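Examining the three-dimensional arrangement
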Amino acid sequence: MPVDGIRPASGATQPASLIVRNARIHTGDDRLPEATAVAVRDGVFTVVGDDATIAGQVGPDTRVVDALGRRVIPGLNDSHLHVIRGGRNYLLELRWDGVPSLAAGLAMLAEQARRTPPGEWVRVVGGWSAEQMAEQRLPTISELNAAAPDTPVFVLHLYQSALLNRAALAAAGYAKDTPNPPGGEIVRDHAGNPTGLLLAAPTAILLYQTLAKGPMLSKADQIVSTRHFLRELNRFGLTSAMDAAGGFQSFPDDYAAVMELAKRGELSLRISYYLFPQIPGQELDDLRRWTATVHPGDGDEWLRCAGAGETLVWAGLDYENFREPRPELAARAWDDVDAAVRLLLDHGWGFRIHATYGETISRYLDVFEKIAADGGWPGTGWFFDHAETVTQRGLDRIAALGGGISVQNRMMFQGRAFTERFGAEAARSAPPIRAMLDTGLVVGAGTDATRVSSYNPWLSLAWLVTGRTLSGLQLYPARNRMDRDAALRLYTSGSAQLTGESEVKGTITAGKYADLAVLSADYFAVADEDIARIESLLTVTGGKIGYAAGEYEGLDAPLPAISPSWSPVARFGGYQALAGVRQGQDLTAAAAESAEQLRWRQRRGLSSGAGVPDLRRYPADPLLGCF
Ligand SMILES: [Zn+2]
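In short, a report on the structure.

1. Side note on the overall build of the protein chain
A tally of helices and strands in the protein chain yields 19 helices and 23 strands. Across the 627 residues of the protein chain, 63% fall into the buried class. Within the protein chain, contacts between residues separated by at least 24 positions form 75% of all contacts whose residues are at least 6 apart in sequence. Counting every atom, the protein chain has about 21,800 Å² of accessible surface; 53% of that belongs to carbon and sulfur.

Laid out in structure tokens, this is it:
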């Protein structure tokens, strides 16, 4: 593959399929850091340079896009996104991502309840935090009952709690005699009846089990849902994601939609996926079956298996519920982890491991070092996810074993809870990203969406740069923050290195996949507080336009109509962009922005055209307080 800057690829007599010119291109490639034009053919960049160097590439069928001097970056790559599960469920969910106030969120919820047919639920499944709301609190159960008197409502807040209205308690079958499951609490009133509040105590399994009681999308609608979700990700400039599987994401059944889209050539985002055993006690059976039938690398550049994780053994999973003490993992976990890792290494599999706390990481490293002492360690293809409280000693041990780390902006959503439990001093380096880089580790960035953080990568980039939570709490000193170039590197080439794909993605370089985003504002020039409001106006993956807005509107292929038609996405879309993460704004402004958002969605054909939500109908009542 030609990789040296502006030299045309061999066979350049064939014209480009796409040219983007008049752009301020940040290539991420030190050999040619800036350019103004690129040419694309057969899904890869053929020339990176300027008008003069691409001139010979223009043919009669070449689509030439004028970027109007806008900033162009390499396509973003979220190294930890539950994208396959998120896609399967997207059209069922009311997203509070970016909603600026609880009043606005409850108005959306009330309207959605009215347009939801009997038997279906309204679910708000993560991607938001009380920290983003003007009211700085969760909704109350009585507010949910007022907003949705008859329709089951399930609201997930991080991995900490879920709120169910009266109708959802009935639909889930929770009553006075329902026992608490291990690791979860169904909160009761003084008469012993469930109040509607479910607590992760400390694991989120109760929350997930409850969510699983609601109806699912049909297989056909899961395919439509996945396409719409991938376009929603393209909307923010994402062109790749590393799927971390997750609870209730079973292989191969729950991969049918994404595999069908791959077969049809209809993916607009590249996905590397990791396999996650679902049944506690039977993890090794699953891993044995998979290592016998699947191989990492199976698939193609759009959808491929990358290894196992983010959980290998359930007993080795430390939940990041910062409202609860750090979990002490059972000793029995480590024999199973040892067996699982040896099995994977014997079959040439890479893996990723969910580990929030330094103590957990240390236990894993004990196991890995023992395997290495037996001569069984391959050195590459493995990494930890999260690592909020990893120690310098832990980082050194990871480096010695050739591992990497995938970090997410979970602290942006729950940094306040972390600080209240572990203190501001501990929060200053949670996670210690600068120390990870100084230790020489490969670090990829991401979100852990869709159930903790939002999938919007610009929130995560803003967090890397500013070190602040959604409510503006300054977590990190300057020495643990990134400059914008470094933050973007983590989100592009860092993630690509974790999957061993740095030869083909992560920078705008001739010969690499033609993955880029034309941004709505210049990431390198906007004020810190505006980073989180950036979107893409044109997202290109493998030379194909996956998302187009503004003056590029219509250049992306039409999607199938949203189905079912009552989907919250048909009415509200996904991330509430115009509301952004602005804090403390008054509700009139929020309503005006919702109207603006609605008009924008109508122009995009995304809205049913119903009226703007009436934000005054469900005023916040401070007397109701937190739960
Ligand atoms: Zn995780």
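Back to the write-up after that little detour.
2. A look at the sheet that holds strand β3 (residues 34-35)
Overall, mixed pairing links the six strands, which are arranged β3-β2-β7-β21-β22-β23 in an open sheet. What marks the edges here is a single partner per strand, and that holds for β3 and β23 (544-548). Of the strand pairs in this sheet, strand β2 (residues 24-26) and β3 are connected by two bridges, and their pairing is antiparallel. Bridge pairing links Ile25 to Ala35 in β3. The sheet contacts of helix α7 (residues 219-234) involve β22 (536-541) and β23, and relative to β23 the element is tilted by about 80°.

3. Quick word on the packing of helix α10 (residues 333-346) against helix α11 (residues 358-373)
Axis separation between α10 and α11 bottoms out at 10 Å; the angle between their running directions is 50°. Considered as vectors, α10 and α11 are oriented oblique to each other. Where α10 crosses over α11, the two elements pack in a sense that is right-handed. Across from Trp334, Val337, Asp338, Val341, Arg342 and Leu345 in α10, the residues of α11 making contact are Thr360, Arg363, Tyr364, Val367, Phe368, Lys370 and Ile371. A per-class count over the contact of α10 with α11 returns eight nonpolar, one polar and four charged.

4. As for the coordination of the zinc ion
For the zinc ion, the full set of protein donor atoms is Glu310 (OE), His354 (ND1) and His386 (NE2), at a range of 1.7 to 2.1 Å. Read in sequence order, the donor residues for the zinc ion give the motif E-x43-H-x31-H. Of this pair, His354 sits in strand β17 (residues 351-355) while His386 sits in strand β18 (residues 382-386), and the two are 32 residues apart along the sequence. As far as burial versus exposure is concerned, His354 and His386 are alike and both buried.

5. Thoughts on the environment of Pro296
Residue position: Pro296 is located in the loop between α9 (283-293) and β16 (303-308). On the basis of relative accessible area, Pro296 is assigned to the partly exposed category, the value being 30%. Placed 55 residues apart in sequence, Pro296 and Phe351 show a C-alpha to C-alpha distance of 9.8 Å. When near neighbours in sequence (up to four residues on either side) are disregarded, Pro296 contacts Cys305, Ala306, Gly307, Gly348 and Trp349.

6. Observations regarding helix α8 (residues 256-264)
All of the buried residues along α8 are Ala257, Val258 and Leu261. The arc that holds every buried residue of α8, seen down its axis, measures 95°, which confines them to one face. Elements that come into contact with the buried residues of α8 comprise α2 (83-89), α7, β15 (270-275) and β16. Gly265 occupies a position one or two residues after α8 and carries a positive phi of about 70°.

7. Some words on the packing of aromatic side chains
Under the definition given, this model contains 32 aromatic pairs. Ring geometry for Phe368 and Trp382: centres 5.2 Å apart, planes at 80°, overall edge-to-face. With a gap of 14 residues between them, Phe368 in helix α11 and Trp382 in strand β18 connect regions that are remote in the sequence. With relative accessibility at 3%, the residue Trp382 sits in the buried group. Summarising the aromatic geometry, the rings of Phe368 and Phe384 are spaced 6.1 Å apart at their centres and angled 20° between planes, so their arrangement reads as stacked. Taken as a pair, Phe368 in helix α11 and Phe384 in strand β18 lie far apart in primary sequence, 16 residues in all. Residue class for Phe368 comes out buried when judged on its relative accessible area of 0%. On the basis of relative accessibility, which here comes to 0%, the residue Phe384 falls in the buried class. The rings of Trp334, Phe351, Tyr364, Phe368, Trp377, Trp382 and Phe384 are connected pair by pair, giving a single aromatic cluster.

Cut-offs applied
- Residues numbered from 1 in each chain as written.
- Predicted model: local features only at pLDDT ≥ 70, side-chain atom pairs only at ≥ 80, totals over all residues.
- Heavy atoms only, no water.
- Helix = DSSP H or I, 4+ residues; strand = E, 2+ residues; numbered from the N terminus.
- Buried < 20%, exposed > 50% of the residue type's maximum accessible area, 1.4 Å probe, protein only.
- Contact = heavy atoms within 4.5 Å.
- Areas by Shrake-Rupley, 256 points an atom, 1.4 Å probe, with all protein chains shown as cover.
- Pairing = 2+ DSSP bridges.
- Axes fitted to C-alpha atoms, helices over the stretch in contact; angles between N-to-C directions.
- Parallel < 35°, antiparallel > 145°, perpendicular 65-115°, else oblique.
- Left-handed = near helix turned anticlockwise from the far one by under 90°.
- Nonpolar A, V, L, I, M, F, W, Y, C, P; charged D, E, K, R; others polar.
- Donors = N, O, S within 2.8 Å, 3.2 Å for Na, K, Ca; no water.
- Arc of directions from axis to C-beta.
- Phe/Tyr/Trp six-rings, centres within 6.5 Å; stacked < 30°, edge-to-face > 60°.

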